[in-house]
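# An overview of the molecular structure
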Amino acid sequence: MRKSNKKPFFRFVKNIVKIFKRKPKFINSENILDEPCIYISNHAASYGPTNYELYLPTNFRIMGAFQMCGTLKERWKYLYQVYFHQKRKVPKWLASIIATIITPFMVMFYKGMQIIPIFPDTRFRKTVDEALNTLEKENSVLIFPEDSSDGYKEELTKFFGGFWAIAKEYKKRYHKDI
């Protein structure tokens, strides 16, 4: 395993969280793909990103909702309306309380994770470019393409294919199948 590319404070927090979070069983973990690569996974609420961030033995950057890379107000609104209420099905009153408590911490957490924001509009080009720059630096990219508009599911039922744009562009630039 390579030296972590994450910020020192974030590495410290990860080590504390590992005390409380049991390591999941990774199937075929001894055969991690050649790097750099694009990992595709199910988000499964926050379990997917948390488990990978804590236990995947490689350097990578996660692609995530652009709203979570914005201002405090934008982050709170996304956590409250979309993440907790719409996707996790938490009642509005409780979603408001949870979002208010965790939003300030999410600023540090997302900065530490070095999230690549996924823009759904014309700024998607920025998303692709940042993912390609990450891959060029020999770090992998982890994408959660599931369509979670109806909530998170254990198994993928629908997904967005935007990750193909990154793979196609990588092949075009570097003549390698990522």
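Computed from a prediction, not measured in an experiment: that's the story for all the values here. (Residues numbered from 1 in each chain as written. Predicted model: local features only at pLDDT ≥ 70, side-chain atom pairs only at ≥ 80, totals over all residues. Heavy atoms only, no water.)

It is worth spelling out helix H2 (residues 47–55) at this point. Taken residue by residue, H2 has Gly48, Pro49, Asn51, Glu53, Leu54 and Tyr55 as its buried positions. Looking at the packing, one finds that the buried side of H2 touches helix H1 (8–20), strand S2 (60–65) and helix H4 (92–113). (Buried < 20%, exposed > 50% of the residue type's maximum accessible area, 1.4 Å probe, protein only. Helix = DSSP H or I, 4+ residues; strand = E, 2+ residues; numbered from the N terminus. Contact = heavy atoms within 4.5 Å.)

It is at 8 Å that the axes of helix H3 (residues 72–87) and H4 come closest, and there the two elements cross at 130 degrees. Relative to H4, the element H3 lies oblique. Taken as a pair, H3 and H4 cross one another with a handedness that is right-handed. For the pair formed by H3 and H4, the contact residues are Leu72, Arg75, Trp76, Leu79, Tyr80, Phe84 and His85 on the first element and Lys92, Ala95, Ser96, Ile98, Ala99, Thr100, Ile102, Thr103, Pro104, Met106, Val107 and Tyr110 on the second. When its residues are assigned to classes, the contact of H3 with H4 shows 13 nonpolar, 4 polar and 2 charged. (Axes fitted to C-alpha atoms, helices over the stretch in contact; angles between N-to-C directions. Parallel < 35°, antiparallel > 145°, perpendicular 65-115°, else oblique. Left-handed = near helix turned anticlockwise from the far one by under 90°. Nonpolar A, V, L, I, M, F, W, Y, C, P; charged D, E, K, R; others polar.)

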